[in-house]
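Structural overview for review
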Amino acid sequence: MKTLNETNLKNLYESDEHLWLEETIKLLKENRLNDLDIEHLIEELESLGKRDKNRVSSFLEQIIRHLLLLQYWEAEKDRNRNHWRAEIQSFRTQLRKYLTTNLQNYLIEELDNIYDDALEYVQEKTGFTIDFPEQCPYSFEELLNKKWLPSQD
């Protein structure tokens, strides 16, 4: 049986990332730590962490966008209310699937930045005709609560 050393594993990473991953997992399971391609393994783990953060940030931003549209865009509310509410439900469901304690802490820390991104989107979408709040009007708990929606006065 042919074994891969670190040099061969580094070359494999460049030519077939999926096979590299399979071989890396195999080495880890066999506790052959000296044969690992540590440089690329670290790179992949960091990338995985970024992907997870980007995924949950995107879901939270979508929730905020649709809550803002639902609460403030009166001209489109009758036509789009049900769609926006369904989108809020969908994004909350998706977010819950990926949310861990660490990712939740990350979202709490980044809430102001995520809100700013959502605000830019809804301002552009509504043609800058609505005076949206400069700060997020929703608590983190409200954003995640599948039964909560802003009052519909």
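The paragraphs below set out a description of the structure included in this document. (Residues numbered from 1 in each chain as written. Predicted model: local features only at pLDDT ≥ 70, side-chain atom pairs only at ≥ 80, totals over all residues. Heavy atoms only, no water.)

1. Digging into the packing of aromatic side chains
Taken as a whole, this structure holds six aromatic pairs when the rule is applied. Look at Phe 59 and Phe 91: their rings are 6.3 Å apart centre to centre, the planes differ by 40 degrees, and that puts the pair in the tilted class. One end of the pair, Phe 59, is in helix 3 (residues 38-72); the other, Phe 91, is in helix 4 (residues 74-98), and 32 residues separate them in sequence. Here Phe 59 falls in the buried class, since its relative accessible area comes to 11%. Overall, the relative accessible area of 13% leaves Phe 91 in the buried class. Judged by centre distance (6.0 Å) and plane angle (20 degrees), the ring pair of Phe 59 and Tyr 98 falls under stacked. (Phe/Tyr/Trp six-rings, centres within 6.5 Å; stacked < 30°, edge-to-face > 60°. Helix = DSSP H or I, 4+ residues; strand = E, 2+ residues; numbered from the N terminus. Buried < 20%, exposed > 50% of the residue type's maximum accessible area, 1.4 Å probe, protein only.)

2. A word on the packing of helix 3 against helix 5 (residues 101-125)
Between helix 3 and helix 5, whose axes approach to 8 Å, the crossing angle comes to 45 degrees. On the basis of their axis angle, the class for helix 3 and helix 5 is oblique. Judged by the sense of rotation from one axis to the other, the crossing of helix 3 with helix 5 is right-handed. Taken together, the residues of helix 5 that come into contact with helix 3 (itself represented by Asp 52, Lys 53, Val 56, Ser 57, Leu 60, Glu 61, Ile 64, Arg 65, Leu 68 and Leu 69) are Leu 103, Tyr 106, Leu 107, Leu 111, Ile 114, Tyr 115, Asp 117, Ala 118, Tyr 121, Val 122 and Lys 125. Its residues placed into classes, the contact of helix 3 with helix 5 shows 14 nonpolar, one polar and six charged. (Axes fitted to C-alpha atoms, helices over the stretch in contact; angles between N-to-C directions. Parallel < 35°, antiparallel > 145°, perpendicular 65-115°, else oblique. Left-handed = near helix turned anticlockwise from the far one by under 90°. Contact = heavy atoms within 4.5 Å. Nonpolar A, V, L, I, M, F, W, Y, C, P; charged D, E, K, R; others polar.)

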